[in-house]
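# What the coordinates show
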Amino acid sequence: MDHVPSVILGLCSFTHDSAAALLVDGELIGFVEEERLSQEKHTREYPHRAVEWLLGEAGLAPGDVDAVAYNFQPARYLVESPAALRLTLSATTRSRAVPRAAGFAKVALRTQRRIQSLGRHFPGARISPVLHHRAHQLAAFAASGWDDAAVLVVDSLGERQTTTIAHGRRASRPTVRTVEAINDPASLGYVYGAVTEHLGWRRGDEEGTVMALAPLGDPARFRHPFARAVRTTATGFGLDPAYFPPRVLSSGYPRTSRRFIEETCGERHPSESLQDVHRDLAAALQERTEQVMVHLARRARLVTGSRRLCLGGGVSTNCVSVGRIIEAGIFDDVFVPPAPGDSGTAIGAAVAVHTDSGSRRPVSGVARTCYLGPSYPEPTLDLTPWPGLQQKVLGIEVAEFLADQLAHGMIVGLFQGRVEAGPRALGNRSILASPLKAGVVDRLNTTVKFREPFRPFAPMVLAEQAKEFFTLGQEAPYMSMASRVTDKARKHIPTVVHANGTSRLQTVTVRQNPFMYEVLRAFARRTGVPVLINTSLNVKGKPICGTPEMALDCLANSGLDALLLEGRWITK
């Protein structure tokens, strides 16, 4: 670059999970997903609310932005168009060759137009497209704070890449070097999404529901079809197109084949009741996903020589697979950033442009932090739109008061501080409940979250006492890892233990979240257990509440007993 940019705006936009991040002289000012402000889950719209907040936070105007880092490179899509014609060589894939080539070319052109549109928002800025997997890699590695790590990114598709292994170096000026890459149509994210859709849930949104269903089924029933469909190789894996036909980037092309249906089951309509065959299919999919992820982790260890692993991409949100990698003992430490999916590439893209610019400024504010979005420390609450709600201002012992209400069985929404990054509520936009109360899980599922009864709830635990209840052996600050549990957990907190004997835990330290740390300590003094149920402050189909108004809507329209909003106790 001729000019070293000072103000860099990172964007994820126009695809799904739109988000924005802002670096000023290498320091991360903030990051937020647009859905937390717009109330539209997984929105693909340009994140104008997120951008407006970030610039306001930094005291800047659009004309002050020097560079806009976008999380895709359009030219990389074009490479797949001629490559797709190789599919004509096989009778199994021949019919998809031309539409696949045309689809990738169309997306390349569309992406280029989107980049040009960004220039109209920031006429003084240079628009810099960043390779999608590189943005994932840097988002994961920079967030770890480590000086050396293997970086494994597994998702559905980034331009052509679906899986990459990179070597990350230097915490202050993060760099990543891709060592190996797997291109589409070999895609683990594509398979998981295809089966999610086949089972009647929304692809790109409800893969977690399938993961939760999996422990209720028997993987042996469909183990062999998945072993044939998703084959491991010495350097990774490949897909059998007889089961999962090659991707076409346009609608109307099914992701599963007739053979897949013949060897498993027909498509389930969302209104159809769940049968054993659906549970067994979910179980086999999850088992194969875990096997391939562990296989890829071993490969990452071999080709990088690093003793630490960073994970990124949508498939890394599969917390059970992450737990399996940790259990395998391949690495000394495993790290998943708070926003491992596409939204987090807004941070990674911005870091890429900063490091490529030659700036001597170190990257700061990215490592080991998750509370990066807007806060509303002294909101003026007009409850007129919610006539059934009433509020009172609490005194100084807010943590003690909240712990007492939870110990007595209340289910409480918590809205405090800055919005979390990523798909998990981490104590700032949470719903909290006691794991010791009978029926609390049923209440949460049926009257608060309005979701499937088999879905488990996650525990948050004081980090220094986690080993009493969980066997993970490392901190899990972002609720991204599933851990097996101890006998003490099975005895005292079975409500947070899923059917497969694991929990997706969040460990809490005083440095990470001082308020939640005090609430957990206060709850432990009352009950003897330093564990709370923690789920996101939202109902099914809605994003996590980013604004006070969204939180008040959640309280008014769900079975929540109360909402603690910045020191205000709001009840019905």
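The following refers to the structure shown. Remember, predicted model here, so these are calculated numbers, not experimental data. (Residues numbered from 1 in each chain as written. Predicted model: local features only at pLDDT ≥ 70, side-chain atom pairs only at ≥ 80, totals over all residues. Heavy atoms only, no water.)

## Some details on the sheet that holds strand E4 (residues 67-70)
The strand order across the open sheet formed by five strands is E3-E2-E1-E4-E5, and the pairing between neighbours is mixed. Two strands lie at the open edges of the sheet, namely strand E3 (27-33) and strand E5 (126-129), each paired on one side alone. Strand-to-strand twist of the sheet, defined as the mean angle between neighbouring strand axes without regard to direction, takes the value 15 degrees. With four bridges joining them, strand E1 (residues 7-12) and E4 adopt parallel strand pairing. Bridging across to E4, isoleucine 8 finds its partner in alanine 67. Sitting on the sheet, helix H2 (residues 48-58) touches E1, strand E2 (19-24) and E3, and the angle it makes with E3 is about 155 degrees. Packing of helix H5 (residues 94-121) onto the sheet brings it into contact with E1, E4 and E5, and relative to E4 it is tilted by some 155 degrees. (Pairing = 2+ DSSP bridges. Helix = DSSP H or I, 4+ residues; strand = E, 2+ residues; numbered from the N terminus. Axes fitted to C-alpha atoms, helices over the stretch in contact; angles between N-to-C directions. Contact = heavy atoms within 4.5 Å.)

## Looking at the layout of surface pockets
Approximately 250 Å³ is the volume found for the second largest pocket. Surrounding the second largest pocket, Ala367, Arg368, Thr369, Cys370, Tyr371, Glu475, Pro477, Tyr478, Thr509, Arg511 and Gln512 form its lining. Classifying every residue of the lining of the second largest pocket by side-chain character gives five nonpolar, three polar and three charged. (1 Å grid on protein atoms, 1.4 Å probe; cavity = no way out; pocket = protein on both sides within 12 Å on 5 of 7 lines; lining within 4 Å. Points joined across faces, edges and corners; volume = space filled by probe spheres on them. Nonpolar A, V, L, I, M, F, W, Y, C, P; charged D, E, K, R; others polar.)

## Concerning the side chain of serine 316
As for its position among the elements, serine 316 is in the loop between strand E11 (308-312) and helix H12 (319-328). By relative accessible area, serine 316 is classed as buried at 1%. Apart from the residues within four sequence positions on either side, serine 316 is in contact with Val154, Leu311, Val322, Val336 and Pro340. (Buried < 20%, exposed > 50% of the residue type's maximum accessible area, 1.4 Å probe, protein only.)

## Topic: the pattern of salt bridges
With the rule as written, the count across this model stands at 34 salt bridges. Note that arginine 202 is salt-bridged to glutamate 206, the shortest N-O span being 3.7 Å. Classification of arginine 202 by relative accessible area gives partly exposed; the value is 43%. Residue classification places glutamate 206 among the buried positions, given a relative accessible area of 6%. Across the pair aspartate 333 and arginine 308 runs a salt bridge whose closest N-O atoms are separated by 3.4 Å. Of this pair, aspartate 333 sits in strand E12 (residues 333-335) while arginine 308 sits in strand E11, and the two are 25 residues apart along the sequence. When its relative accessible area of 32% is taken as the criterion, arginine 308 is described as partly exposed. The structure contains a network of salt bridges with shared partners spanning Lys41, Arg202, Asp205, Glu206, Glu452, Arg455 and Lys540. (Salt bridge = Lys/Arg side-chain N within 4 Å of Asp/Glu carboxyl O.)

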